[in-house]
Amino acid sequence: MEPILKTRSLSRVFRNGGTVVHALDDINIEIMPQTITILKGRSGSGKTTLINLLGTLDRPTSGEIYVEGRDI
C-alpha cells in the first residue's frame, strides 16, 4: 500500500525583518490511506505551516510534497 500523502525534506523559512525563522526543517512524513493522523505540538511548532503547505496554500522553501504519488 502506497502513502496517500508523503513529504521529503520539507522546509519552510520565513524572513521577519532581519530575522530568519525556520518554521519547518527537513520534515519527512508518510500518511497511509484509511488512517487517522493527528498533528500535536506547542504553539509556534509549525503545525499550521505544515497544513498550509500540504493544502497547497503556501509553497515550501525546499523539499517535495506528494499526493497519491504525484509531486505537487
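Above this text you will find the structure in question.
Residues numbered from 1 in each chain as written. Predicted model: local features only at pLDDT ≥ 70, side-chain atom pairs only at ≥ 80, totals over all residues. Heavy atoms only, no water.

### Here's the deal with the sheet that holds strand 1 (residues 5-16)
With respect to topology, 4 strands assemble into an open sheet ordered 2-1-3-4, the strand pairing being antiparallel. In the strand order of this sheet, the two ends are held by strand 2 (19-31) and strand 4 (70-71), each with one partner. The strands touched by helix 1 (residues 47-54) within the sheet are strand 1, strand 2 and strand 3 (62-67), with strand 1 carrying the most contacts at an inclination of about 120 degrees. (Pairing = 2+ DSSP bridges. Helix = DSSP H or I, 4+ residues; strand = E, 2+ residues; numbered from the N terminus. Contact = heavy atoms within 4.5 Å. Axes fitted to C-alpha atoms, helices over the stretch in contact; angles between N-to-C directions.)

### Things to note about the pairing of strand 3
As paired elements, strand 1 and strand 3 share 5 bridges and run antiparallel to each other. In the strand pairing of strand 3, serine 11 is matched with serine 62. Both strand 3 and strand 4 contribute to a ladder of 2 bridges, which runs antiparallel. For tyrosine 66, the partnering residue across the bridge sits in strand 4 and is aspartate 71.

### Concerning the nonpolar core
Among the nonpolar cores identified, the biggest contains 8 residues, and these are Leu5, Leu10, Leu24, Ile31, Leu50, Leu53, Leu54 and Ile65. Sort the elements by how many residues they give to this core and helix 1 lands first, with 3 residues. Excluding residues within four positions of it along the chain, leucine 54 makes contact with Leu5, Thr7, Ile29, Ile65 and Ile72. (Core = buried A, V, L, I, M, F, W, Y, C linked by side-chain atoms within 4.5 Å. Buried < 20%, exposed > 50% of the residue type's maximum accessible area, 1.4 Å probe, protein only.)

### Some words on the environment of methionine 32
Tracing the chain through its elements places methionine 32 in the loop between strand 2 and helix 1. Residue classification places methionine 32 among the partly exposed positions, given a relative accessible area of 26%. Between the alpha carbons of methionine 32 and arginine 8 there is a distance of 15 Å; along the sequence they are 24 residues apart. Apart from residues lying up to four places away in sequence, methionine 32 is in contact with Met1, Glu2, Pro3 and Ile4.

None of this, on its own, says anything about what the molecule does.
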